[in-house]
Amino acid sequence: MSPLDLTKLGLDLIDLRKTGVSNPLRKKPVGGIVLHSPGVTYVNRVASALGHQVDDVALDHAVASDFDGRKYQPGYIVGQGGSVYMLEDDTRTTSHSSQLLPILSSGNWRSWAQPLGGELEQHGRGPHVVYDWWDAVYSPTSSPGDLPFDACPNRYIGIDLRPRYEGGVQFSEVQIGALVALVVALSREHRFLLDIRHVLTHSLADPIRRGTVARKGVTIGVHWDPPAKHFDYAAFMVRLTEAA
């Protein structure tokens, strides 16, 4: 989608496509959206590097510029102030997610977990206890391998939401509004449905690695990318439908 088209929709678009890393052309059409959040710890580190009084505009731009030079990056970043940073053309594939583990296509995937920094292992708890949050969105008998990105979430466009660095409510209303407008525009451009199979979070796409944490040797299931306590996925999907 062109920056001009997005600007015509009223979005404050900052075009960073000509800077940063070079990404390969897509081999298949855009199939949907994967939503991410880089995390407060990362944003705090970028804020500290600025070395002066930090405002949202400066921090949004610093985070987008930093991502623009990384190997792993989304296609877009939506800042706290509602600005949309376009890091790459939709015609190119960015590495915003990892290839799914083969176990995620099996019938017993819910018995496994790989919390951040840990190894893939059987967690030893009730499978639907750990992944009840995933089952609440999809069928309790289905698997992420059933999703139409063929075990490669990078077939979808990645969009990151920049969280607040001070804590508290991590995402602003103007930011979510800009995200809704962006996703609706991309769905029209690339002709994918605004449903749970085509617009999803990183945790929903890869629950074993992005939906579990280890607490005192116990595996806990939690939707943390973006964090569910700050990003209401169900409410967001309703807003998409209403805006389409």
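What counts as what
Residues numbered from 1 in each chain as written. Predicted model: local features only at pLDDT ≥ 70, side-chain atom pairs only at ≥ 80, totals over all residues. Heavy atoms only, no water. Pairing = 2+ DSSP bridges. Helix = DSSP H or I, 4+ residues; strand = E, 2+ residues; numbered from the N terminus. Axes fitted to C-alpha atoms, helices over the stretch in contact; angles between N-to-C directions. Core = buried A, V, L, I, M, F, W, Y, C linked by side-chain atoms within 4.5 Å. Buried < 20%, exposed > 50% of the residue type's maximum accessible area, 1.4 Å probe, protein only. Contact = heavy atoms within 4.5 Å. Phe/Tyr/Trp six-rings, centres within 6.5 Å; stacked < 30°, edge-to-face > 60°.

*Asks:* Tell me what's going on with the sheet that holds strand 7 (residues 157-161), and back it up with residues and numbers.
*Replies:* Spatial strand order, 1-4-3-7-2-8: six strands in an open sheet with mixed pairing. Across the chains shown, the open sheet's two edge strands, defined by having one partner strand only, are strand 1 (13-15) and strand 8 (199-201). Shown here is a sheet whose adjacent strand axes are inclined to one another by a mean of 25°, direction ignored. Sheet topology places strand 2 (residues 33-36) next to strand 8; three bridges connect them, and they run parallel. Of the residues in strand 8, the one forming a bridge with Val34 is Leu200.

*Asks:* Tell me about the nonpolar core, and name the residues and values.
*Replies:* Tyr76, Ile159 and Phe236 are the most contacted members of the largest nonpolar core, which totals 51 residues. For this core, the element with the most residues is helix 6 (residues 173-190), which contributes nine residues. Every residue in contact with Phe236, bar those within four places of it in the chain, is listed here: Leu35, Ile176, Leu179, Val180, Val183, Val199 and Phe231. By size, the runner-up hydrophobic cluster in this structure holds 14 residues, among which are Tyr42, Ala62, Ala64 and Phe67.

*Asks:* Account for the packing of aromatic side chains, with residues named and values stated.
*Replies:* If you walk through the whole model with that rule in mind, you get eight aromatic pairs. On the basis of an interplanar angle of 35° and a centroid distance of 4.6 Å, the ring pair of Trp134 and Tyr138 is categorised as tilted. As far as burial versus exposure is concerned, Trp134 and Tyr138 are alike and both buried. Between Phe171 and Phe231 the ring centres are 6.4 Å apart and the planes differ by 90°, which places this aromatic pair in the edge-to-face class. One end of the pair, Phe171, is in the loop between strand 7 and helix 6; the other, Phe231, is in the loop between strand 10 (218-221) and helix 9 (233-243), and 60 residues separate them in sequence. Taking the relative accessible area as the measure of exposure, Phe231 reaches 3% and is therefore buried.

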